Amino acid sequence: MKANAPKRKVFNDTVDLLTGGETAAAGKGVQMLPVDGIRPFHNHPFRLYEGERLDDMVESVREHGVLVPAIVRTVPGGYEMLAGHNRLNAARLARLMEIPAIVKEGLPDAEAYVYVIETNMLQRSFNDLSVSERIAVLAERYDKVCGTKKREEILAELQALNGGGGHDVHQQAKSRELLGKELGLTGRHVARYVRCKELIPEFKDMLDDGSLTMVSAVELSYLPEEEQAAVKKVMDQSCIRMKADKAGELRKAAGSLSEGKAQEILGVDRPVKTDAEKPVSVKLPAKLYSRYFSNVAAKDVQGILEEALEQYFKGKGA
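The structure reproduced in this document is the subject of the present report. (Residues numbered from 1 in each chain as written. Predicted model: local features only at pLDDT ≥ 70, side-chain atom pairs only at ≥ 80, totals over all residues. Heavy atoms only, no water.)

To continue, consider the environment of Gln237. Counting through the fold element by element, Gln237 comes out in helix 11 (residues 225-238). Residue Gln237 is classed as buried on the basis of its relative accessible area, which comes to 10%. (Helix = DSSP H or I, 4+ residues; strand = E, 2+ residues; numbered from the N terminus. Buried < 20%, exposed > 50% of the residue type's maximum accessible area, 1.4 Å probe, protein only.)

This part covers the side chain of Glu80. Relative to the helices and strands, Glu80 resides in strand 4 (residues 78-83). Take Glu80: its relative accessible area is 5%, and that puts it in the buried class. Only 2.9 Å separates the side chain of Glu80 from the side chain of His42, close enough to count as a polar contact. There is a polar contact of 2.8 Å between the side chain of Glu80 and the side chain of Arg73. Residues contacting Glu80, with those up to four places away along its chain left out, are Ile38, Arg39, Pro40, Phe41, His42, Ile71, Val72, Arg73 and Val75. (Polar contact = N/O pair within 3.5 Å; in protein donor to acceptor, adjacent residues only side chain to side chain. Contact = heavy atoms within 4.5 Å.)

Across a sheet, paired strands are connected by hydrogen bonds in the backbone, their directions being either parallel or antiparallel. Taken in spatial order, the five strands of this open sheet run 1-5-3-4-2, and their pairing is mixed. Strands at the two margins of the open sheet, each flanked by one partner only, are strand 1 (30-34) and strand 2 (38-39). The pairing of strand 1 with strand 5 (residues 98-104) spans five bridges and is classified as antiparallel. The partner of Leu33 across the bridge, within strand 5, is Ile99. Contacting strand 2, strand 3 (70-75), strand 4 and strand 5, helix 3 (residues 85-93) runs over the sheet at an angle of about 120° to strand 4. Lying on the sheet, helix 4 (residues 109-123) is in contact with strand 3, strand 4 and strand 5; it crosses strand 4 at an angle near 50°. (Pairing = 2+ DSSP bridges. Axes fitted to C-alpha atoms, helices over the stretch in contact; angles between N-to-C directions.)

Attention shifts here to the environment of Val30. When you line up the elements, Val30 lands in strand 1. For Val30, a relative accessible area of 29% puts it in the partly exposed group. In sequence terms Val30 and Ala101 are 71 residues apart; their C-alpha atoms lie 5.2 Å from each other.

Here we take up a nonpolar patch on the surface. Together, Leu284, Leu288 and Tyr292 line one region of the surface with nonpolar side chains, adding up to about 250 Å² of accessible area. Here Tyr292 lies in helix 14 (residues 286-293). You can call Tyr292 partly exposed: its relative accessible area is 48%. (Patch = residues over 30% accessible without salt bridge, like charges linked within 9 Å, V, L, I, M, F, W, Y side chains within 5 Å. Areas by Shrake-Rupley, 256 points an atom, 1.4 Å probe, with all protein chains shown as cover. Salt bridge = Lys/Arg side-chain N within 4 Å of Asp/Glu carboxyl O.)

This part covers helix 12 (residues 244-252). Looking at helix 12, one finds that the buried residues are Ala247, Gly248 and Leu250. End-on, the buried residues of helix 12 take up no more than an arc of 160°, which puts them together on one face. Considering only its buried residues, helix 12 is in contact with helix 10 (214-220), helix 11 and helix 13 (259-265). (Arc of directions from axis to C-beta.)

Pasting the structure below:
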């Protein structure tokens with residue numbers, strides 16, 4: 001008997017369980033689908049595995065194939081991945097042509113997003129997620145667009161597909177407090193994460209790398225997207241680190257905030273550069289910024305950097 005026979009039996013039993021009573025409207029059961037015919041879920045909020053974890057998955061896929069079927073939905077021109085982005089990536093790297101997948105037809109976005117979020121939570125701890133990933137998880141669980149009964153059906157299916165393991169995902173979060181209790185957070189923290197769903201991707205990236213605090217992020221989330229983009233542009237061009245009090249002032253100007261107004265609020269005393277000048281954005285690690293610039297006015301940071309660079313290159317004879 002092959003070493004992977006027990007896993008294969010679990011796979012077959014699970015497939016029988018999931019597909020035996022499905023209607024044509026719900027899905028077509030498990031099919032072998034071409035790898036190139038499956039696209040990632042639009043705005044997929046999770047990062048793919050990297051490094052040793054990815055290498056181990058690729059090695060396993062080469063040896064055993066993809067044991068647990070992915071879940072996809074039909075879209076014009078092919079299929080969209082719901083659960084199995086890492087398996088698909090590993091299959092590509094292992095040069096597999098096909099993977100097993102459960103096909104869902106006519107699945108609306110709200111229900112599709114439940115699959116995307118909850119399959120990741122079955123495999124990873126909430127504490128292992130980046131800030132932007134936590135935002136996605138909490139926003140989905142707090143969102144009431146997907147009815148309780150249907151959501152529970154989806155979660156039960158996902159647990160069966162993963163062998164019944166993983167987190168206790170059957171408790172429906174009806175409030176911030178209940179959801180926070182499930183994940184070890186206060187209701188206030190849940191509210192902050194959910195609010196930050198409204199941030200533009202660039203600010204979510206800053207949350208992930210520690211260059212933007214959650215308090216400032218919440219304030220910025222109340223700005224329309226175009227105004228957030230204007231603020232980010234001023235920050236990049238003037239090497240400004242956002243402070244909570246300044247973020248609060250920017251929020252008060254929401255709805256009428258231009259680049260010039262953002263420049264004024266953030267204390268930039270020179271004109272914002274035009275696109276034609278093509279400024280280069282250089283990120284400083286949060287630890288480095290705090291070490292040297294925690295007590296320096298934002299408008300003075302660029303001058304200090306210019307002087308330091310000038311002295312450095314003089315010493316190099318440049």
